[in-house]
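Chain and residue survey
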Amino acid sequence: MDNGREQWGSKLGFILAAVGSAVGLGNIWRFPYVVYENGGGAFLVPYFVAIFTAGIPILILEYGMGHKFRGSTPLSIARANKKWEWLGWWPVVTAFFILSYYSMILSWAMKYFTLSFNKGWGSNTDAFFHNDFLQLTSSPFEFGNFIWPVLLGILLIWGIGWFICYKGVKGGIEKLNKILLPTLIGIIVIIAIRGVTLEGATLGLNKLFTPDWSRLTDPKVWISAYGQVFYSLSLAMGIMMTYSSYLPRKTDINNSAFMTAFANCGFEFLCAIGVFAILGFMATSQGVGVDEVVSSGVGLAFVVFPEVFSAMGAWGSILGALFFISLVFAGLTSLVSLVEAITASIIDKTGWERKKVVSGLCIVGATISSVFATGAGLYLLDIIDNFVNCYAIVGVGLLEAILIGWIVKPDIIRNHVNKISYFRIGKWWDFIVKFVTPTMLIIMLVQSLISELKSPYGGYPLAATLVYGWAIIGFGVIVALLISRKPWENKSSDKNEEDGEVVI
Ligand code: PFF
């Protein structure tokens, strides 16, 4: 224990937890499609540029902040600059909304896991998913009935999240990741190997990786790369700062950042290979082009893939079960990281006991999530996810870079991480935090705003994007501002040990 703060059992435990947070649904169902859509093999250029000029530098920034200031995101930010404390609360409030739909998706995945054994989704997977299973209504304002199996799954997922975080950092989160992450890698390796040995797999892989170099001149491709890297590494969500605050004083930050990024990246590639090999098989067996079967997100996982599994015989059940359980495992480690980011912030602010905080938080979270177990759940997920990704994550990331780059000054963090890391980062890092990352994030923000003003996201009525999108962004900022006016009650959080000075 350091200043009463919990600690990881080992550095490996920390890295596994950070990778567990990074590896999530985004790796499995988002990355393959982003590559395909943005120039295939050519996308690797902007992707790696984004990893080196934003992903790893911001990871170092977040690890460095959490480690130097030894606090959850709001506490670390408040210690860096009291006026900016609200910026630490914004992702914490937003995390609640992400959790509400994340738990819903995991609930679906659990149900589909059980359906895989007898391919219980039938022959029309689209109709089964939207009509029979979700009972999707015709508008985001029409809630329809409670979908009991979904509700049950949501409660179960929250129950698991509660149990893990209740057990604490070392006894819960670290243990979970130590078990789930290697298991997950094993499962994805099996899926990828089986995938590439299917007939037609090369068709899918060629489609995925054949480079279209002309796309590199399209700014949208670069924006997608930065968006994917930010989302995939769970940056700007309050997670990485919280996780690194549980590291011992002597630890290697720079190396950890590189390891986290590369592990996540390797996992993404494995997923892309598995997904496109399977899509190649599907296109071949239906005698159509890969372009006609390709999809991402919910459509890929719950409509297209079940159809492929149905066409596969006995292997279909095995691959189906493996695929859906991998979604649950990948999602669970990300979900737990969000719960922990909120928990740590509340504990730091109030001094309440972990067990009470986690229990209260999970009850509130499960209650909010139950709204998603209705016929409007899919619409809510779609709108909230878009607004969180386009505005909250990008907004927080931008402000974080501005705060450290221009107000706190980057050398404070750079000197701190260099003092404890095996290899040092140079002044290039300051340049990236000050100029490169903010520029990219501003471009992303402006681009999203322009397309939003042209027509509301996803063709939804304006009222729906106002209520479920903009209101959530506004709510996050306002609540963050309000919380930041309250004093820090946790006595153990009022000292910044390293500098020996009372900061808050
Ligand atoms: N990093 C996760 C993924 O790639 O799926 C997604 C994610 C989870 C982003 C949790 C943000 C977050 F807070």
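Description of the structure in this document. Quantities reported herein were computed from a predicted structural model and do not represent experimental measurements.

**As for the pattern of salt bridges**
Under the criterion given, the structure shown has nine salt bridges. Residue D348 pairs with R5 through a salt bridge whose shortest N-O separation is 3.0 Å. You can see D348 sitting in helix α15 (residues 314-350) and its partner R5 sitting in the segment before α1 (11-22), a full 343 residues away along the chain. R5 carries the same exposure label as D348, and that label is buried. K82 is the partner of E85 in a salt bridge, and the nearest nitrogen-oxygen pair spans 2.8 Å. What you see here is one network of salt bridges that share partners, running through E6, E340 and R354.

**Brief notes about the layout of surface pockets**
Of the volumes computed, that of the largest pocket is approximately 1,400 Å³. Around the largest pocket sit 43 residues that line it, and R30, N386, N389, C390 and Y457 are the ones nearest its centre. Looking at the lining of the largest pocket, the elements that each hand over two or more residues are α2 (25-37), α5 (85-116), α10 (219-232), α14 (297-310), α17 (377-408) and α19 (428-454). With eleven residues, α17 is the single largest residue contributor to the lining of the largest pocket.

**Remarks on the site of the ligand**
Contacts to the ligand come from 14 residues, most closely from A22, G26, Y231, S234 and L338. The contact in question runs from an oxygen atom of the ligand to an N or O atom on the backbone of L25, over 3.0 Å. Y231 places a main-chain nitrogen or oxygen 3.0 Å from a nitrogen atom of the ligand. Compared with its free state, where it exposes 330 Å², the ligand has 99% of that area covered by protein.

**Here's the deal with the nonpolar core**
Judged by nonpolar contacts, the single largest core of 185 residues is most densely connected at W108, F129, F302, F305 and L327. Sorting elements by how many residues they give to this core places α5 first, with 20 residues.

**Section: empty space enclosed by the protein**
Following the criterion strictly, the structure yields four cavities of 30 Å³ or more and no others. Estimated volume of the largest cavity: approximately 180 Å³. Taken together, 20 residues line the largest cavity, and the ones lying closest to its centre are S21, Y102, Y231, S234 and S334. Elements supplying a minimum of two residues to the lining of the largest cavity: α1, α2, α5, α10, α15 and α17. When grouped by side-chain class, the residues that make up the lining of the largest cavity number eleven nonpolar, nine polar and no charged. A volume near 80 Å³ is recorded for the second largest cavity. Around the second largest cavity, the lining residues are I28, I188, I191, A192, L270, C271, G274, V275, I278, F305 and F323. Listed by contribution, the elements that provide at least two residues to the lining of the second largest cavity are α8 (169-196) and α12 (253-286). No other element matches α12, which puts five residues into the lining of the second largest cavity. In the lining of the second largest cavity, the residues fall into ten nonpolar, one polar and no charged.

**Here's the deal with a nonpolar patch on the surface**
Among the surface-exposed residues, F141, L462, L466 and V467 lie close enough to one another that they form a single nonpolar patch of about 360 Å² accessible area. Looking at the secondary structure, you find L462 in helix α20 (residues 462-484). The class of L462 is exposed, set by a relative accessible area of 52%.

**Comments concerning the environment of F52**
Mapped onto the elements of the fold, F52 is located in helix α3 (residues 44-69). Look at F52 and you get partly exposed, because its relative accessible area is 38%. In this structure the C-alpha to C-alpha distance between F52 and P32, which are 20 residues apart in sequence, comes to 20 Å. With near-sequence residues (within four places) excluded, F52 lies in contact with P57, F258, F262 and I432.

**Concerning the side chain of N264**
Relative to the helices and strands, N264 resides in helix α12. Looking at N264, the relative accessible area reads 3%, which means it is buried. Excluding anything up to four places from it in sequence, N264 contacts A22, V23, N27, S232 and L233.

**Considerations on the packing of aromatic side chains**
Within this structure, the stated rule accounts for 50 aromatic pairs. Arranged with centres 6.5 Å apart and planes meeting at 45°, the rings of W121 and F309 form a pair that is tilted. Of the two residues, W121 is situated in the loop between α5 and α6 (125-133) and F309 in helix α14; the sequence distance between them amounts to 188 residues. Among the residues examined, W121 registers a relative accessible area of 2% and is labelled buried. Judged by its relative accessible area of 1%, F309 falls in the buried class. Centroid distance W121 to F324: 6.1 Å. Interplanar angle 55°. Geometry classified as tilted. Residue W121 is found in the loop between α5 and α6, and its partner F324 is found in helix α15; the two are separated by 203 residues along the sequence. Neither W121 nor F324 differs from the other in exposure class; each is buried. An aromatic cluster is built from W29, W108, Y112, W121, F128, F129, F133, F302, F305, F309, F323 and F324, whose rings are joined through pairwise contacts. One residue, K68, lies across the ring of F69, its end atom 5.5 Å from the ring centre. Against the face of W315 rests R194, its NZ or CZ located 4.7 Å from the ring centre.

**Regarding the environment of L136**
Within the fold, L136 resides in the loop between α6 and α7 (148-166). With 238 residues separating them along the chain, L136 and T374 place their C-alpha atoms 7.9 Å apart. The contacts of L136, once residues within four sequence positions are left out, are H130, G375, L378 and Y379.

How each quantity is defined
Residues numbered from 1 in each chain as written. Predicted model: local features only at pLDDT ≥ 70, side-chain atom pairs only at ≥ 80, totals over all residues. Heavy atoms only, no water. Salt bridge = Lys/Arg side-chain N within 4 Å of Asp/Glu carboxyl O. Helix = DSSP H or I, 4+ residues; strand = E, 2+ residues; numbered from the N terminus. Buried < 20%, exposed > 50% of the residue type's maximum accessible area, 1.4 Å probe, protein only. 1 Å grid on protein atoms, 1.4 Å probe; cavity = no way out; pocket = protein on both sides within 12 Å on 5 of 7 lines; lining within 4 Å. Points joined across faces, edges and corners; volume = space filled by probe spheres on them. Near = heavy atom within 4 Å. Polar contact = N/O pair within 3.5 Å; in protein donor to acceptor, adjacent residues only side chain to side chain. Areas by Shrake-Rupley, 256 points an atom, 1.4 Å probe, with all protein chains shown as cover. Core = buried A, V, L, I, M, F, W, Y, C linked by side-chain atoms within 4.5 Å. Nonpolar A, V, L, I, M, F, W, Y, C, P; charged D, E, K, R; others polar. Patch = residues over 30% accessible without salt bridge, like charges linked within 9 Å, V, L, I, M, F, W, Y side chains within 5 Å. Contact = heavy atoms within 4.5 Å. Phe/Tyr/Trp six-rings, centres within 6.5 Å; stacked < 30°, edge-to-face > 60°. Lys NZ or Arg CZ within 6 Å of the ring centre and 35° of its normal.

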